[in-house]
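Structural description and commentary
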Amino acid sequence: MTNVTITEYETRLYWQGARGAVLTSDRAPPVPIGQPLTGQEAVAVGPWSPEALLVGAVEGRTLLAFLEHAREADVRVLFYQSSAVARVVCGVDGPPHLTDLIVRPHVAVATEADAEAVRLIFTELPAHCFPSSVIHITPRIEPVVEAWHARSSGRSVPAAIAPAS
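A brief structural summary. As the structure is a prediction and not an experimental result, all values here were calculated from the model.

Here is what the cut-offs are and how they apply
- Residues numbered from 1 in each chain as written.
- Predicted model: local features only at pLDDT ≥ 70, side-chain atom pairs only at ≥ 80, totals over all residues.
- Heavy atoms only, no water.
- Helix = DSSP H or I, 4+ residues; strand = E, 2+ residues; numbered from the N terminus.
- Expected span 1.5 Å × (residues − 1).
- Buried < 20%, exposed > 50% of the residue type's maximum accessible area, 1.4 Å probe, protein only.
- Contact = heavy atoms within 4.5 Å.
- Axes fitted to C-alpha atoms, helices over the stretch in contact; angles between N-to-C directions.
- Parallel < 35°, antiparallel > 145°, perpendicular 65-115°, else oblique.
- Left-handed = near helix turned anticlockwise from the far one by under 90°.
- Nonpolar A, V, L, I, M, F, W, Y, C, P; charged D, E, K, R; others polar.

1. Some thoughts on helix H1 (residues 50-72)
Look at H1: 33 Å from first C-alpha to last across 23 residues, which is about the 33 Å you get at 1.5 Å a residue. Of the positions making up H1, those classed as buried are Val-55, Val-58, Glu-59, Thr-62, Ala-65, Phe-66 and Ala-70. Those residues of H1 that are buried are in contact with strand E4 (77-91), strand E5 (94-109), helix H2 (112-129) and strand E6 (140-141). Directly beyond the C-terminal end of H1, a positive phi value near 60° is found at Asp-74.

Right under this line is the structure:
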């Protein structure tokens, strides 16, 4: 017999007039959203756009998938920070669409061997993390991976400023 796990993610969207709404979930605080996918004039400071939420979701999924793979590889992560960007093209030939989705994690680990393991994890991550049935653009992951060597005090420092052994 095959085990099947089904996870449901339920949200509710409450329109608040004009171009604004609030996205809610039983498991998370409400998020104000607005500004539909259109040209540059719609990009403004204010509520989260659905596109920015998508970029944030992909960035968050990248982190969680990476941490799980690092744990399975027995790699101790000392530092993780990332940025992500998506490019939306608005042309006269068709509706606006995503052309690029790039996640740029910056990771530090204790040894060069761990750094190589992390680089391999990031190479394989897009195929494991983002099945094509979910989004039709495969995120590109461009990691910066450093091996931070520990001083005798136990503090981790970047390899570039670690004292010579």
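2. A word on the packing of H1 against H2
Their axes nearest at 10 Å, the elements H1 and H2 cross at an angle of 125°. Between H1 and H2, the angle is such that the two are oblique. Seen along the crossing, H1 lies across H2 with a hand that is right-handed. Here H1 contributes Arg-61, Thr-62, Ala-65, Phe-66, His-69 and Ala-70 to the contact with H2, which in turn contributes Val-118, Ile-121, Phe-122, Leu-125, His-128 and Cys-129. The residue inventory of the contact of H1 with H2, partitioned by class, reads eight nonpolar, three polar and one charged.

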